[in-house]
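Fold and contact review
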Amino acid sequence: MNNEKEKILFVDDDESILDIASEYFQHKGYPVITAKNGLEAVKILENEKIDCCFTDINMPGMDGLELAEYIRKIDNTIPVIIMTGYPSLDNTIRTLKNGVVDFLIKPIKLNHMEVCLKRVLREQLLFVENIILKKEVKGKEQLKRLNRELLYKVEELNILNKIMSDFTITSSSSDIFKRLIDTTIKIMHADEARVYIINNAAPFEITTSVSNSAGTDKAIEKLIMETVSNAMPLLISENKGACGLPEDILSFMVVPLEIRGKVFGILTASIKKSGIHFIEKDLYYLSFMTNKAAYAIENLALYENIYENLFSTLYAFVKTIEARDPYTQQHSNRVTKIAIVIGKEMGCTSEELDILNFAGHLHDIGKIGIRDVILLKPDAYTEEERNIIKKHSIIGANIIGQIWLLESEKEIIKSHHECFDGTGYPDGLKKEEIPLLARILSVADVYDAISSDRAYRKKMEKNKTIKIIKEGRGTQFDPDVVDAFLKLHDDGVIEKIT
Ligand SMILES: [Fe+2]
């Protein structure tokens, strides 16, 4: 604890008062400084830290009240005590205004001055502690506020990040629509979210597993069409019945999906449980999300367009090869159809079926590199010719391999002559080493080849073709694929599509 007493400044033009007060308080252990007028006091205050000031009012240059005002301005924690022989109401008011803490009337007894000093110093201590406390409280509040803001920002960043990553990797438009619905329900705590595609000036709902398609209410349809025409997101934070929304919807949002300024779809979100409702921030998130989704859809459309063009070009090559050999016309087309029904039967995803469609049509594209004299030979192949023919799967994979993003298709084309027991070509892969879609394509390819005429032989009898497929179960072919094929065959599905 610091035992040093408070430093006192006495200001009076009466030197005898200064002498008496100095002597008394110094004797009591207080450091004392004196000044003969206000201006002299100001100079002292510029260089010294004092704890209390006693001042006369009437002094030449700068009077006591002006000095009090000056002190209040530089440090409002320094108590000022006014000493005057003639107190007037006017002076008293000015004194209080200037933050003077006490008033002593001359002649002043020294012990009164001491009592007064102790009191004002005690009050000053409380005052300073109060200020510090207030600052601390303010500081803590500020910290809490900053913390809240920080948490809020982190949450916002997390949400925006999730939206960004959700819509960066998407494989199809339907996937994007499903993600829109899922993310709206998850992030916005919506009870229901729906996506509509605007078709001929009427909303057509995209059916997904998440939204239940109970039909669109007329009032909702009206809000959707309004949003389509003004391209502005709409927030109905609390449904008070003004828009004719169904009563069970407590809070509602409608956000447009736009590509290059044209609204092509709408996302709606509803809250049906009481207790929460959408706020402006939710509308911001939803708009951010639909923006990202629309962007992803546009990119996908551009990509699908390129993909379609590429597919058409490559398929034109296949048709050229098939056109050279009247016996293989439509072979790739039929193989693809058979492979797709087997794929569906085996539970392939729509993405896998797309790959099967591409690879099925182009599986023999490598035959473009085989000379006609071999390819169109009317007799059975020699060993050497067979080895040349076998190269078509690698040639095909190399052609497709030139194209970025067609890795799966390339692997299937390369492996469509692999056998389940490892006796196939080009790599002698076994069982699951062979991609599933290639195992499917293999059954479809062989079935179509033996059940149609060839240059060197007539097509086989139906029961003979099935016998060959059955015999190949577990050796040439994947048993599961054969089982799926046979089921489809027994059900008449294969016959119908070929
Ligand atoms: Fe082939």
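Note that the structure is predicted; figures quoted are calculated from it, not measured.

Here we come to the overall build of the protein chain. From N to C terminus, the protein chain includes 18 helices and 10 strands. The principal-axis extents of the C-alpha atoms in the protein chain amount to approximately 140 × 60 × 35 Å. Going through the 498 residues of the protein chain one by one, you find that 43% of them count as buried. Across the protein chain, contacts joining residues at least 24 apart in sequence account for 61% of those joining residues at least 6 apart. With an accessible surface of roughly 27400 Å², the protein chain has 54% of that area assigned to carbon and sulfur atoms.

Coordination of the iron ion by the protein comes from Asp364 (OD), His392 (NE2), His416 (NE2) and His417 (NE2), over a distance range of 2.2 to 2.4 Å. In this structure, the iron ion is coordinated by 4 donor atoms arranged in irregular fashion, with angles at the metal of 81 to 166 degrees. Between consecutive donors of the iron ion, the numbers of intervening residues give the motif D-x27-H-x23-H-H. Of this pair, Asp364 sits in the loop between helix H10 (350-362) and helix H11 (372-375) while His417 is found in the loop between helix H14 (407-415) and helix H15 (436-450), placing the two residues 53 residues apart along the sequence.

Our next topic: the pairing of strand E3 (residues 52-56). Looking along a regular strand, one sees side chains alternate from face to face of the sheet. Within E3, 5 of the 5 residues are buried, leaving the element largely enclosed by the surrounding structure. Where strand E1 (residues 8-11) meets E3, 4 bridges bridge the pair, whose relative direction is parallel. Opposite Ile8, over in E3, you have Cys52 as the bridge partner. Two elements, E3 and strand E4 (residues 80-84), share 4 bridges in a ladder whose sense is parallel. Bridge pairing in E4 places Cys53 opposite Val80. One crossover worth recording links E3 to the parallel E4 by way of helix H3 (residues 64-74), and it is right-handed.

Now for the packing of aromatic side chains. Given two aromatic rings, one states the distance between the centres and the angle between the planes to describe the pair. Tallied over the entire structure, the rule returns 7 aromatic pairs. When the ring of Phe10 is compared with that of Phe25, the centres are 5.5 Å apart and the planes differ by 40 degrees; the resulting orientation is tilted. One end of the pair, Phe10, is in strand E1; the other, Phe25, is in helix H1 (residues 15-27), with 15 residues separating them in the sequence. A relative accessible area of 0% means that Phe25 is categorised as buried. By the ring-pair criterion, three or more aromatic residues cluster together here, those being Phe10, Tyr24, Phe25, Tyr30 and Phe54. Stacked on the ring of Tyr30, the Lys or Arg Lys5 has its end atom at 4.6 Å from the ring centre.

Quick look at the pairing of E4 now. Taken across its 5 residues, E4 has 5 buried, putting it largely inside the fold. Side chains Val80, Ile82 and Thr84 project from E4 onto one buried face, and the interleaved Ile81 and Met83 project onto a second face that is buried too.

This part is about helix H16 (residues 462-471). Looking at H16, one finds that the buried residues are Thr465, Ile466 and Ile469. When H16 is viewed along its axis, its buried side chains cluster within an angular range of 95 degrees and face the same direction. In H16, the exposed residues that point more than 90 degrees away from the buried face are Asn463 and Glu471. Contacts from the buried residues of H16 go to H15 and helix H17 (479-490).

The 5 strands lie next to each other as E2-E1-E3-E4-E5, forming an open sheet whose pairing is parallel. Since the sheet does not close on itself, it has two edges, and those belong to strand E2 (32-35) and strand E5 (102-105), each with one partner. For this sheet the average axis-to-axis angle between neighbouring strands, irrespective of direction, equals 20 degrees. Lying over the sheet, helix H2 (residues 38-47) contacts E1 and E2, oriented at roughly 140 degrees with respect to E2.

Rules used throughout
Residues numbered from 1 in each chain as written. Predicted model: local features only at pLDDT ≥ 70, side-chain atom pairs only at ≥ 80, totals over all residues. Heavy atoms only, no water. Helix = DSSP H or I, 4+ residues; strand = E, 2+ residues; numbered from the N terminus. Buried < 20%, exposed > 50% of the residue type's maximum accessible area, 1.4 Å probe, protein only. Contact = heavy atoms within 4.5 Å. Areas by Shrake-Rupley, 256 points an atom, 1.4 Å probe, with all protein chains shown as cover. Donors = N, O, S within 2.8 Å, 3.2 Å for Na, K, Ca; no water. Tetrahedral: all angles 85-135°; square planar, octahedral: opposite > 155°, others 65-115°. Pairing = 2+ DSSP bridges. Right-handed = clockwise from strand over helix to strand, strands pointing away. Phe/Tyr/Trp six-rings, centres within 6.5 Å; stacked < 30°, edge-to-face > 60°. Lys NZ or Arg CZ within 6 Å of the ring centre and 35° of its normal. Arc of directions from axis to C-beta. Axes fitted to C-alpha atoms, helices over the stretch in contact; angles between N-to-C directions.

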